[in-house]
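Structure assessment
Residue-level listing of the chains:
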Amino acid sequence: MSTAPPTSPTPGSARAGGSDEAPQAAAPAPKSRGPWAPLRPLILRLHFYAGVFVAPFLLVAATTGFLYAGAFQAEKLVYSHELTVPVGDTKLPVSEQVDAAREAHPEGTVSAVRPSPEDDATTRVMLSGVEGVGATHTLAVFVDPYTGKVRGALEQYGSTGALPLRTWIDEFHRDLHLGENGRLYSELAASWLWVIAGGGLVLWFSRRRALRKVRGTAGRRRTLGLHGTVGVWAAAGFIFLSATGLTWSTYAGANIDVLRTSLGQATPSVSAAASGGDHAGHDTASGAGGDADHGVGLDRVLAAARAEGLGDPVEIVPPADASSAFVVKQVQRSWPEKQDAVAVDPATGEVTDVLRFDDHPLLAKLTRWGIDLHTGVLFGLVNQLALMLLAGSLVLLIVWGYRMWWQRGRGSAFGRPVPRGAWAQVPPYVLVPLMATVAVLAYFVPLLGIPLAGFLVVDVVLGEIAHRRGRRTAV
């Protein structure tokens, strides 16, 4: 099973006539090529099937991902009035800024407050339970920290504070605005991207060096050279995007969470119990939020967090109930990341628990960095431009892959598949452990395993049909 020549994700396949790209299924590999040579036709066939059938999903993911990477800068332009203010002399206490927001928007409850992190930035007061705002979203009220004037209110989503434009693109990329069922498309794309990219690398580097060049070539050979060259350079990025995308997918992501928890590598969170406590079972840090005017008040809570070394940007989460504490956490996702958090007793203003990002388990840190790099926030504009370049490369590879499939046909025979039977050439001592590895991967990444089983079933059925037709013709 396989498509395009050697390189990255997309279709494409081999040239007829026993060339290096389309080895005949029955032809044994030359002994001089080593025991792993029979794997090449199998990888080529897998690359073909995956490219032809999964590439449309990858094309959608790449296009929407390109838009999302550009949405960060677009958001700053579109919402500049709400996000920025003229620099003044002295910022008002946070409590007064929240009072100004509540006077303008008394609906709902205060779920979090993000004090102005920079001299020209507004303060965000997030309200939950507001009519017309989704349950997983909040209404962000933007307050001038110098004057207390409300500069606007916008619906907000997620820990990065995505506003309507970026939220719409984010949800389009994640689930096509189809809800949980729509997330299957992006998980399918992420599940197969690393397989297609990895297979493409194997095919390209197993191809004779003289056949890899682009200059001086034409037709399908040139398309193959472009597809392969770009795919090789972009493959590492594709594998990274695939791996990090799976970490928060529906099914594979749940399996990854179970594995991390079993290894003691789950992401901890500060204890929000007002009486303090240790770091075991930190699962109450992000409650629904309540009234911001709890106990000692926001100003003393923020001062206590500052004393523990929590610099901007921070988010203050009010107590979820009478037995809970304020939680103040750093929310900087750009490098170097600031992810420390403290809990502050609303009755005394004392810090009851502290959690440092430096104390997170290694896999928790890697997951955090991977997600932030995937979403384009870790290294800011450079990160976003790199993601746009990767997405554009993926689109080109898919187009070139389908073009190779077209060019491989003869006359009316559009896109002939790679000959079947490649698995029969693989020695048992290679095939058996390979099948075991694939079975384990398929279990943990079901949207890789289920389509792969489907490819195999279709391949067997088509092979049986062809076999029976051949017998009738022979009779």
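Residues numbered from 1 in each chain as written. Predicted model: local features only at pLDDT ≥ 70, side-chain atom pairs only at ≥ 80, totals over all residues. Heavy atoms only, no water.

Once that is clear, we can look at the overall build of the protein chain. Across its full length, the protein chain holds 12 helices and 8 strands. Residue pairs in contact within the protein chain that sit at least 24 positions apart in sequence constitute 66% of those at least 6 positions apart. Surface accessibility of the protein chain: about 22,600 Å² in total, with carbon and sulfur atoms responsible for 63%. (Helix = DSSP H or I, 4+ residues; strand = E, 2+ residues; numbered from the N terminus. Contact = heavy atoms within 4.5 Å. Areas by Shrake-Rupley, 256 points an atom, 1.4 Å probe, with all protein chains shown as cover.)

Turning our eyes to something else, we now look at the side chain of Gln330. Tracing the backbone shows Gln330 in strand 6 (residues 326–330). The class of Gln330 is buried, set by a relative accessible area of 6%. A distance of 3.2 Å separates a polar atom in the side chain of Gln330 from the backbone oxygen of Gly311. Look past the residues within four positions of Gln330 in its chain and what remains in contact with it is Gly309, Leu310, Gly311, Pro313, Val314, Lys338, Gln339 and Asp340. (Buried < 20%, exposed > 50% of the residue type's maximum accessible area, 1.4 Å probe, protein only. Polar contact = N/O pair within 3.5 Å; in protein donor to acceptor, adjacent residues only side chain to side chain.)

Moving on to the pairing of strand 4 (residues 150–157). Pairing of strand 3 (residues 137–143) with strand 4 involves 7 bridges; the strand directions are antiparallel. Considered in strand 4, the bridge of Leu139 is made with Glu155. Between the antiparallel neighbours strand 3 and strand 4 lie 6 residues, among them Gly148 with a positive phi of about 80 degrees. (Pairing = 2+ DSSP bridges.)

Here we take up helix 3 (residues 94–104). Of the positions making up helix 3, those classed as buried are Val94, Ser95, Gln97, Val98, Ala100 and Ala101. On its buried face, helix 3 sits against strand 1 (109–114), strand 2 (123–128), strand 3, strand 4 and helix 8 (298–307).

Where helix 1 (residues 39–78) contacts helix 4 (residues 164–175), the two axes come as close as 8 Å, and the packing angle between them is 170 degrees. Taken together, the axes of helix 1 and helix 4 lie roughly antiparallel to each other. Listed contacts from helix 4 to Ala61, Thr64, Gly65, Leu67, Tyr68, Ala71, Phe72, Ala74, Glu75 and Val78 of helix 1 are Leu165, Arg166, Ile169, Asp170, Phe172 and His173. The residue inventory of the contact of helix 1 with helix 4, partitioned by class, reads 10 nonpolar, 3 polar and 3 charged. (Axes fitted to C-alpha atoms, helices over the stretch in contact; angles between N-to-C directions. Parallel < 35°, antiparallel > 145°, perpendicular 65-115°, else oblique. Nonpolar A, V, L, I, M, F, W, Y, C, P; charged D, E, K, R; others polar.)

The next point concerns helix 9 (residues 362–375). An ideal rise of 1.5 Å per residue puts 20 Å on 14 residues; helix 9 measures up with 20 Å between its terminal C-alpha atoms. The complete set of buried residues in helix 9 reads Ala364, Lys365, Thr367, Arg368, Gly370, Ile371, Asp372, His374 and Thr375. Following helix 9 by one or two positions, Gly376 adopts a phi angle in the positive range, close to 90 degrees. (Expected span 1.5 Å × (residues − 1).)

Further remarks concern the packing of aromatic side chains. Taken as a whole and judged by the stated rule, the model has 10 aromatic pairs. Ring geometry for Tyr443 against Phe444: centres 5.3 Å apart, planes inclined by 90 degrees, an arrangement best described as edge-to-face. Tyr443 sits in the exposed class, given a relative accessible area of 63%. We classify Phe444 as partly exposed; its relative accessible area is 39%. Through pairs of rings, three or more aromatic residues link up here, namely Phe48, Tyr49, Phe53, Tyr402 and Trp405. (Phe/Tyr/Trp six-rings, centres within 6.5 Å; stacked < 30°, edge-to-face > 60°.)

Moving on to a negative patch on the surface. A cluster of acidic side chains, namely Glu96, Asp99, Glu103, Asp293 and Asp299, defines a negative patch on the protein surface. Looking at which element gives the most residues to the negative patch, the answer is helix 3, with 3 residues. In this fold, Asp99 is placed in helix 3. Asp99 sits in the partly exposed class, given a relative accessible area of 42%. (Patch = residues over 30% accessible without salt bridge, like charges linked within 9 Å, V, L, I, M, F, W, Y side chains within 5 Å. Salt bridge = Lys/Arg side-chain N within 4 Å of Asp/Glu carboxyl O. Lys, Arg positive; Asp, Glu negative; His and termini not counted. Charge placed at Lys NZ, Arg CZ, Asp CG, Glu CD.)

In this section: the packing of helix 4 against helix 5 (residues 183–205). In the contact formed by helix 4 and helix 5, the axes pass within 6 Å of each other and the chain directions differ by 65 degrees. With respect to helix 5, the axis of helix 4 lies roughly perpendicular. Along the contact surface, helix 4 presents Phe172, His173, Arg174 and Asp175, while helix 5 presents Arg183, Tyr185 and Ser186.

This paragraph deals with a nonpolar patch on the surface. A surface patch of nonpolar side chains, amounting to about 460 Å² of accessible area, comprises Leu259, Leu263, Leu362, Leu363 and Leu366. The element that contributes the greatest number of residues to the nonpolar patch is helix 9, accounting for 3 residues. Mapped onto the fold, Leu363 is located in helix 9.

Here the focus is the pairing of strand 3. In terms of burial, strand 3 is largely enclosed, as 7 of its 7 residues are buried. Going residue by residue along strand 3, you find His137, Leu139, Val141 and Val143 tucked away on one face and Thr138, Ala140 and Phe142 tucked away on the opposite face as well. As judged from the 5 bridges shared by strand 2 and strand 3, these two strands associate in the antiparallel manner. Residue pairing across strands places Val125 opposite Val141, the latter belonging to strand 3.

Moving on: the confidence of the model for the protein chain. Looking at the protein chain as a whole, its pLDDT mean stands at 86, while 84% of the residues score no less than 70. This model gives residues 1–32 a pLDDT under 50, and the stretch forms 153 contacts once residues within four places in sequence are excluded. Scored below 50 in pLDDT, residues 276–290 shows 36 contacts in the model against residues more than four places distant or in partner chains. (pLDDT = per-residue confidence, 0-100.)

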